[in-house]
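Summary of structural features
Listed below, chain by chain, are the residues.
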Amino acid sequence: MKKVLLYGLLLVAMSVQAQEIMPYPTDTIDGRVYYRYTVEKSIGLYRISKNFGVSQEAILQANPELEERGLRYEEVILIPTNLPVVPHVAQEPEPATTAQAPVAEETPAAPETLENPAALEALEVLESPESPEAADSSAIAYTDTLRLAYMLPLDAGVGQRNPMIDRFYDFYAGALLALKHQQPVWTDSLGVKHTTYYDIHTYDVGKYGSTVIQLIDSGALAQIDAFVGPAYLKPVEVLAAYALEHKKPVLVPFLRQVTNFAHNPYLMKFNPSDQIETHALMEYLDTLRTATNIVLVDAYNDKMDYSHGIRILRDSIMARELPVTRTTIRQILADSVGAVLKDSVENILLFHSERYSNVQLLMPYLLSGRQGKQLTILSKYAWQGERILLPQLYMGVFRTPEGEAYTQYEQDFAHYFGHTLSSTQPRYDLLGYDLTQYLIRAMRGGSFHASDTVYDGIQSSILFKQTGDGGYENTHIIIQKR
């Protein structure tokens, strides 16, 4: 229930269908504050009500003429708010004088249909951390604003959301916590002090590129310094073209392959390609060449059942002429695995599938048939939660979170959002946290990518390297045994 409340609260702080969250001019009428909103092309009363988080009835009460003639393009209407009665004054933000990270995230009025308005209290602001530096404004050389846009498929206007979308809300929650952890005053490598404000814009961007096109055409993205997302290929393609033209960085968290990646130096891709992963594993296995026997387990000799990544891995093993033995699932089930295992070496089993459920039935046969031989399973990171009684060799970009930093993160997350998340691997909230921390540190250094050093996050160790003259790809692959 608490997780559901979190998602409801996040919706209060973000727009629907890519409407940018930003302050509008206001009018005060009879003691109530209203936004003055200019009606956009092809937008209806329902969409306006969702974007501002107020009911259609409330908008009609403020604009009774709309009941007779409807909306007109570019007319100015009044939108009720929950703002206090103060005049609207446009001004630049002043430098922060406390250690509270000045995250400038504008929030529209809470929806009148929110079932439990008291739940807003769960979104308690973290106590302001002690600044390691004196907040002496005379010593601040630069004050700047970093404008970040999160472009995620949130399905905010959908009544019954697909549970698969929850991972993107988790990602966003982790990103918000990363912003809460930023100190406003920081010192660069030359010893110069800065104060940085964080202006956050959130867009609901789904599987298609039309939403991004609308944002570009409206000019909403013109002042953004860096983008995080989207999650699907089509909107990434549109945003990537815009980024190349306007020299704005895009951090792509979820995709392995991006169109024209090799020709666009403004892209950063967290998930490495199958080729990068395979190269890392080959380098590792090459060091064990004389003490390893790789057992390739085919699926009933059906080569079409191979995933793309497994196929590349299999072909690379053969091309490097690593010690290898071939077998099938059918043979293991019929004759036990002992016949293909070798003595005095480590036998590493590579399956045709990346899904544990596809090979789960083999586990009893592998345990009973190894006959004292050394046997290791090459498995994906997501298999770590399974009860596998054999040693496993992991390869991936994630590691199991642990240590003081993770303990503090969990405490702060529970304090901020009122609940903790499950241990599902990988943790998307931790991914949002790590990538946001990386991006902010890199841009503080004057570039959208850090130097060629590993950023050691809570769950992700990140090392971006440029592909020729094109984009930057995470190349830090974790290979570890358990």
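Details of the structure are given in the entry above.
Okay, so let's go over this structure. In this text, all values refer to a predicted model and were calculated from it rather than measured experimentally.

As for the environment of Tyr406
Within the secondary structure, Tyr406 sits in helix H12 (residues 404–417). Along the sequence, Tyr406 and Ile458 sit 52 residues apart, while their C-alpha atoms lie 6.1 Å from each other. Once residues within four sequence positions are removed from consideration, Tyr406 is found in contact with Pro401, Arg427, Leu430 and Ile458.

Concerning the packing of aromatic side chains
Per the stated rule, a full pass over the model turns up 19 aromatic pairs. Between Phe351 and Trp383, the aromatic rings sit 6.3 Å apart at their centres with planes inclined by 40°, giving tilted as the arrangement. With a gap of 32 residues between them, Phe351 in strand E13 (residues 346–351) and Trp383 in the loop between strand E14 (375–379) and strand E15 (392–396) connect regions that are remote in the sequence. Grouping residues by exposure puts Phe351 and Trp383 together as buried. Between the NZ or CZ atom of Lys180 and the centre of the ring of Tyr416, over which it lies, the distance is 5.7 Å.

Considerations on the nonpolar core
Grouped together as the largest cluster of nonpolar side chains are 87 residues, with contacts concentrated most on Leu148, Tyr150, Met151, Tyr203 and Phe227. In terms of residue count, the dominant contributor to this core is helix H5 (residues 166–180) (ten residues). If you look at the next biggest cluster of nonpolar residues, it comprises 19 residues, including Ile332, Phe351, Leu362 and Leu375.

Looking at the sheet that holds strand E20 (residues 478–481)
Sheet architecture is open: six strands sit in the order E12-E11-E13-E14-E15-E20, paired in mixed fashion. Each of the sheet's edge strands pairs with one partner strand only, and the pair in question is strand E12 (324–328) and E20. Taken pair by pair, the neighbouring strands of this sheet meet at an average axis angle of 25°, ignoring direction. Alignment of E13 against E14, held across four bridges, turns out to be parallel. Note on E14: the bridge partner recorded for Leu349 is Ile377.

Describing the packing of H5 against H12
Contact pair H5 / H12: the axes reach a minimum separation of 11 Å and the direction vectors enclose 105°. As summarised for this structure, H5 and H12 are arranged roughly perpendicular, according to the angle between their axes. When H5 is examined against H12, the residues Ala173, Gly174, Leu176, Leu177 and Lys180 are found in contact with a partner set consisting of Tyr409, Asp412, Phe413, Tyr416 and Phe417. Taken together, the residues of the contact of H5 with H12 sort by class into seven nonpolar, one polar and two charged.

Details of the sheet that holds strand E1 (residues 26–29)
With antiparallel pairing, three strands are arranged side by side in an open sheet as E1-E2-E3. Edge positions in the sheet fall to E1 and strand E3 (76–80), since each of these pairs with one other strand and no more. Each adjacent strand pair in this sheet contributes to an overall mean axis angle of 40°, direction not counted. Where strand E2 (residues 32–38) and E3 come together, five bridges link them in antiparallel fashion. Looking across to E3, one finds that Tyr37 is bridged to Ile77.

About the cut-offs
- Here, residues in each chain are numbered from 1, in the same order as that chain's written sequence.
- Given that this is a predicted model, residues contribute local features only at a pLDDT of at least 70 and side-chain atom pairs are listed and counted only at 80 or more, while totals for whole chains, interfaces and linings are drawn from all residues.
- Heavy atoms from the whole structure form the basis of all side-chain values; hydrogens and water molecules are not counted.
- The numbering of helices and of strands both runs from the N terminus, where a helix is a DSSP run of H or I of at least 4 residues and a strand a run of E of at least 2.
- Note on contacts: a residue pair qualifies if any of its non-hydrogen atoms lie within 4.5 Å across the two residues.
- Ring pairs are drawn from Phe, Tyr and Trp, using the six-membered ring of Trp, whenever the two centres fall within 6.5 Å, and their geometry is named by plane angle: stacked under 30 degrees, edge-to-face over 60, tilted for the rest.
- Three exposure classes are used, based on accessible area relative to the maximum for each residue type with a 1.4 Å probe and protein chains only: buried under 20%, partly exposed in between, and exposed over 50%.
- Remark: a charge is flagged as sitting over a ring if the NZ atom of Lys or the CZ atom of Arg is within 6 Å of the ring centre and within 35 degrees of the ring normal.
- Definition used in this section: a nonpolar core is a set of buried Ala, Val, Leu, Ile, Met, Phe, Trp, Tyr and Cys residues joined via side-chain atoms within 4.5 Å.
- Here, any two strands with at least 2 DSSP bridges between them count as paired.
- Every axis corresponds to a line fitted to the C-alpha atoms, with the helix fit spanning only the stretch in contact, and the corresponding angles, defined between N-to-C directions, vary from 0 to 180 degrees.
- Comment on the angle field: the value is read as roughly parallel under 35 degrees, roughly antiparallel over 145, roughly perpendicular from 65 to 115, and oblique elsewhere.
- Classification convention: Asp, Glu, Lys, Arg as charged; Ala, Val, Leu, Ile, Met, Phe, Trp, Tyr, Cys, Pro as nonpolar; all other residues, Gly among them, as polar.

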